[in-house]
Amino acid sequence: ELWIYMKTFQQLKAKLLKNDQVKLEYDKLKPEYDLLRKLIQKRLKKGMTQSDVAKRIGTKQEAISRLESGRSNSTLNRYAQYADAVGSKIEISLK
């Protein structure tokens, strides 16, 4: 059943991304979501919960949940704190 849902989501995504304006906005968000995905992977690899990260950076689990989902208006400093909490560093490059 999950496979059917994912297939439907992938089909919807592919259809939506055919629209140039949607694709432009999607591409603008990609770097942030790539960073979030990597931060979550680091957290999980370390065996940490959202609560563990929250305690290390002095916030609540709910704030980490919002950050990970992309629903927060987080600063680069907050992402760096998260990265530090999971034993990692953020590197930025311009192209």
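Reference entry: report on the structure contained in this document. (Residues numbered from 1 in each chain as written. Predicted model: local features only at pLDDT ≥ 70, side-chain atom pairs only at ≥ 80, totals over all residues. Heavy atoms only, no water.)

Topic: the pattern of salt bridges
Alright, step 1. Enumeration according to the criterion identifies 6 salt bridges in this entry.
Alright, step 2. One salt-bridge network, held together by shared partners, links Lys 30, Asp 34 and Arg 37. (Salt bridge = Lys/Arg side-chain N within 4 Å of Asp/Glu carboxyl O.)

Remarks on a nonpolar patch on the surface
Alright, step 1. Together, Leu 12, Leu 16 and Val 22 give the surface a local cluster of nonpolar side chains, amounting to about 240 Å² of exposed area.
Alright, step 2. Looking at the secondary structure, you find Val 22 in helix H2 (residues 20–45). (Patch = residues over 30% accessible without salt bridge, like charges linked within 9 Å, V, L, I, M, F, W, Y side chains within 5 Å. Areas by Shrake-Rupley, 256 points an atom, 1.4 Å probe, with all protein chains shown as cover. Helix = DSSP H or I, 4+ residues; strand = E, 2+ residues; numbered from the N terminus.)

Comments concerning the nonpolar core
Note that soluble globular proteins tend to have their nonpolar side chains buried in a common cluster.
Alright, step 1. Val 53, Ile 64 and Tyr 82 are the most contacted members of the largest nonpolar core, which totals 13 residues.
Alright, step 2. Elements supplying a minimum of two residues to this core: H2, helix H3 (50–57), helix H4 (61–69) and helix H5 (76–85).
Alright, step 3. Broken down by element, this core gets its largest block of residues, 4 residues, from H5.
Alright, step 4. When residues no more than four places from it in sequence are discounted, the contact partners of Ile 64 are Gln 50, Val 53, Ala 54, Ile 57, Thr 59 and Tyr 82. (Core = buried A, V, L, I, M, F, W, Y, C linked by side-chain atoms within 4.5 Å. Buried < 20%, exposed > 50% of the residue type's maximum accessible area, 1.4 Å probe, protein only. Contact = heavy atoms within 4.5 Å.)

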